[in-house]
Amino acid sequence: MSFTSYFDKAVRYFRPFNWINVEVTSKCNLKCTMCPRRAFESPDKNMDRDLFVKLSRDFNLFKMVDLTGWGEPLMHPSFFEFVRIAKSKRCLVKYVSNGVAFNQSVAEETLKTGVDWIVFSVDSPDKTTYREIRGADLDKVASNIGYLSELKKKNGLKYPLIDIAIVISRKNIAQLPEMVKYSKEIGASRLVVNNVHVISKKEDIDILLFKIDQSQRIDEQQRDTAVAESKKTAAEVDLDLSFCFSSFEPKKLDRCVLDIEKTMFIDSEGNISACCDLGHPVPGYLDCNTVVKNTQLNFGNVRNQSIMEIYNSKAYADFRKRIKSGVPDECRHCMLLKGI
């Protein structure tokens, strides 16, 4: 480890917050079938440079800056300038991409600017299923992820870490073991498995692998077999397999898995929320007949206040207190608070 890397790591150790999600753009180049964006009107907006620069003055509070919100980060024309600014604050830098706008030049710039961690959202190893869910060309996405992986090897680099993330549902659960092999083949070091944690459209209830309504019919044997086989396959091919939920059965957790006392979200207009879901007017179904129509909860805007002024405000402090003692009304639709 170089002195600079060691020094940066030591500096980050003493920072009070783990990470901040910065929505550099709310624009997206896909219309994925399960995406909550399709259930409400989302403004297509790039964060302006002046706002990002002002915001970056407080990046010394965070160990990591995740340049991701509910848009495709690579659609911002100044994306890699923003990466450089965040890296200059000695932060780890991460972003999540659907991979469609990712290409060889983006891969090269990703290495050049020192990005530490990339998560690619890929919901199937099968071209037809992938296109059905994401409406894009799987071969193109996989080819570019593979190019990044080979570029890392060629240059003897450990970073960026490359994760593949999949949202499992009835549409793709049978393909999960194959997805493990596929992730290894295209150069990922980990496959991250998520459930649909916000059900924003009534028709999405039919694709869930867990019950929120007694009328649902779920093939539990197929689901559990696929999960077990994927774990076995991951051990065989030496791939880290991570499930972002503890069960398919709802349960009450002691606290939000995001640890909102040490993380926060800022949308493309500068509004601060506890998480990405609360940063947007997302509808959320509790069952087939009950929907929370708008869960948006903003605490202030960084154009007018500093991050710490907003974090220490009464409204934000009261929310953190409420989520410690139970499930706030604004969060009752979120499956993460039920361990799913």
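The rules behind these values
- Residues numbered from 1 in each chain as written.
- Predicted model: local features only at pLDDT ≥ 70, side-chain atom pairs only at ≥ 80, totals over all residues.
- Heavy atoms only, no water.
- Salt bridge = Lys/Arg side-chain N within 4 Å of Asp/Glu carboxyl O.
- Helix = DSSP H or I, 4+ residues; strand = E, 2+ residues; numbered from the N terminus.
- Buried < 20%, exposed > 50% of the residue type's maximum accessible area, 1.4 Å probe, protein only.
- Contact = heavy atoms within 4.5 Å.
- Axes fitted to C-alpha atoms, helices over the stretch in contact; angles between N-to-C directions.
- Left-handed = near helix turned anticlockwise from the far one by under 90°.
- Nonpolar A, V, L, I, M, F, W, Y, C, P; charged D, E, K, R; others polar.
- 1 Å grid on protein atoms, 1.4 Å probe; cavity = no way out; pocket = protein on both sides within 12 Å on 5 of 7 lines; lining within 4 Å.
- Points joined across faces, edges and corners; volume = space filled by probe spheres on them.
- Core = buried A, V, L, I, M, F, W, Y, C linked by side-chain atoms within 4.5 Å.
- Disulfide = S-S within 2.5 Å.
- Expected span 1.5 Å × (residues − 1).
- Arc of directions from axis to C-beta.

### Concerning the pattern of salt bridges
Part 1 of the reasoning: On inspection of all chains with the given rule, the structure shows 15 salt bridges.
Part 2 of the reasoning: The residue glutamate 109 makes a salt bridge to lysine 112 at a minimum N-O spacing of 3.8 Å. Linking glutamate 109 with lysine 112, this pair stays in helix α4 (residues 104-113), spanning three residues, or about one helical turn.
Part 3 of the reasoning: Lysine 112 sits in the exposed class, given a relative accessible area of 63%.
Part 4 of the reasoning: The partner of arginine 223 in a salt bridge is aspartate 224, with the nearest N and O atoms 2.9 Å apart.
Part 5 of the reasoning: Given the relative accessible area of 39%, aspartate 224 is considered partly exposed.
Part 6 of the reasoning: One network of salt bridges, with partners in common, ties together Arg84, Glu109 and Lys112.

### Let's talk about unusual backbone geometry
Part 1 of the reasoning: The residue after tyrosine 159, namely proline 160, is reached through a cis peptide bond having omega 5°.
Part 2 of the reasoning: Mapped onto the elements of the fold, proline 160 is located in the loop between α6 (138-154) and β5 (161-167).
Part 3 of the reasoning: Although it is not a glycine, arginine 90 sits at a positive phi angle of roughly 60°.
Part 4 of the reasoning: Following the sequence through the fold, arginine 90 ends up in the loop between α3 (79-88) and β3 (92-97).
Part 5 of the reasoning: Residue classification places arginine 90 among the partly exposed residues on the basis of a relative accessible area of 32%.
Part 6 of the reasoning: Its identity is not glycine, yet aspartate 238 carries a phi of approximately 60°, on the positive side.
Part 7 of the reasoning: Among the structural elements, aspartate 238 can be located in the loop between α8 (220-237) and β7 (240-243).
Part 8 of the reasoning: A relative accessible area of 63% places aspartate 238 in the exposed class.

### Re the environment of phenylalanine 79
Part 1 of the reasoning: As for its position among the elements, phenylalanine 79 is in helix α3.
Part 2 of the reasoning: For phenylalanine 79, a relative accessible area of 2% gives the class buried.
Part 3 of the reasoning: Each C-alpha atom, one on phenylalanine 79 and one on valine 327, is 36 Å from the other, the two residues being 248 residues apart in sequence.
Part 4 of the reasoning: Those residues in contact with phenylalanine 79 that sit more than four places away from it in its chain are Val24, Leu67, Pro73, Leu74 and Tyr95.

### Things to note about the packing of α4 against α6
Part 1 of the reasoning: α6 packs onto α4 with a crossing angle of 40° between their chain directions and a minimal axis gap of 9 Å. The crossing of α4 and α6 is right-handed. Seen from α4, the contacting residues are Gln104, Ala107, Glu108 and Leu111; seen from α6, they are Asn144, Tyr147, Leu148, Leu151 and Lys152.
Part 2 of the reasoning: Partitioning the contact of α4 with α6 into residue classes produces five nonpolar, two polar and two charged.

### Regarding empty space enclosed by the protein
Where empty space is left becomes clear once a probe the size of a water molecule has been rolled over the atoms.
Part 1 of the reasoning: Enumeration over the complete set of coordinates arrives at two cavities of 30 Å³ or more.
Part 2 of the reasoning: Of the volumes computed, that of the second largest cavity is approximately 50 Å³.
Part 3 of the reasoning: Looking at the second largest cavity, the residues that line it are Thr33, Met34, Asp123, Ile133, Val167, Ser169, Lys171, Asn172 and Ile207.
Part 4 of the reasoning: Considered class by class, the residues forming the lining of the second largest cavity number four nonpolar, three polar and two charged.

### Things to note about the nonpolar core
Part 1 of the reasoning: Counting residues in hydrophobic clusters, the biggest one holds 94 residues, and the most contacted among them are Ile20, Val22, Leu67, Leu191 and Ile307.
Part 2 of the reasoning: Apart from the residues lying within four places of it in its own chain, the contact partners of isoleucine 307 are Ile20, Leu55, Asp58, Leu61, Phe62, Met264, Ile266, Ile272 and Val302.
Part 3 of the reasoning: Grouped together as the second largest cluster of nonpolar side chains are six residues, Phe40, Trp70, Phe265 and Cys276 included.

### Points about the state of the cysteines
Part 1 of the reasoning: Summed over the entire model, instances satisfying the criterion amount to zero disulfides.
Part 2 of the reasoning: Cysteine 32 supplies the cysteine sulfur nearest to cysteine 35, a cysteine that is in no disulfide, at a spacing of 6.2 Å.
Part 3 of the reasoning: Cysteine 288 takes part in no disulfide bond, and the closest cysteine sulfur, belonging to cysteine 334, lies 19 Å away.
Part 4 of the reasoning: With a relative accessible area of 17%, cysteine 288 lands in the buried category.

### Section: α8
Part 1 of the reasoning: For α8, with 18 residues, the first-to-last C-alpha span of 26 Å sits near the 26 Å given by 1.5 Å per residue.
Part 2 of the reasoning: The complete set of buried residues in α8 reads Arg223, Ala226, Val227, Ser230, Thr233 and Ala234. Relative to the axis of α8, the buried residues are bounded by an arc of 130° and lie together on one face. Those residues of α8 that are exposed and aimed more than 90 degrees away from the buried face are Gln221, Lys232, Ala235 and Glu236.
Part 3 of the reasoning: Each element contacted by the buried residues of α8 is listed here: α7 (176-185) and β7.
Part 4 of the reasoning: One or two steps after α8, the chain reaches aspartate 238, where phi turns positive at roughly 60°.

Take it as geometry only, folks, not as evidence of what the structure does.
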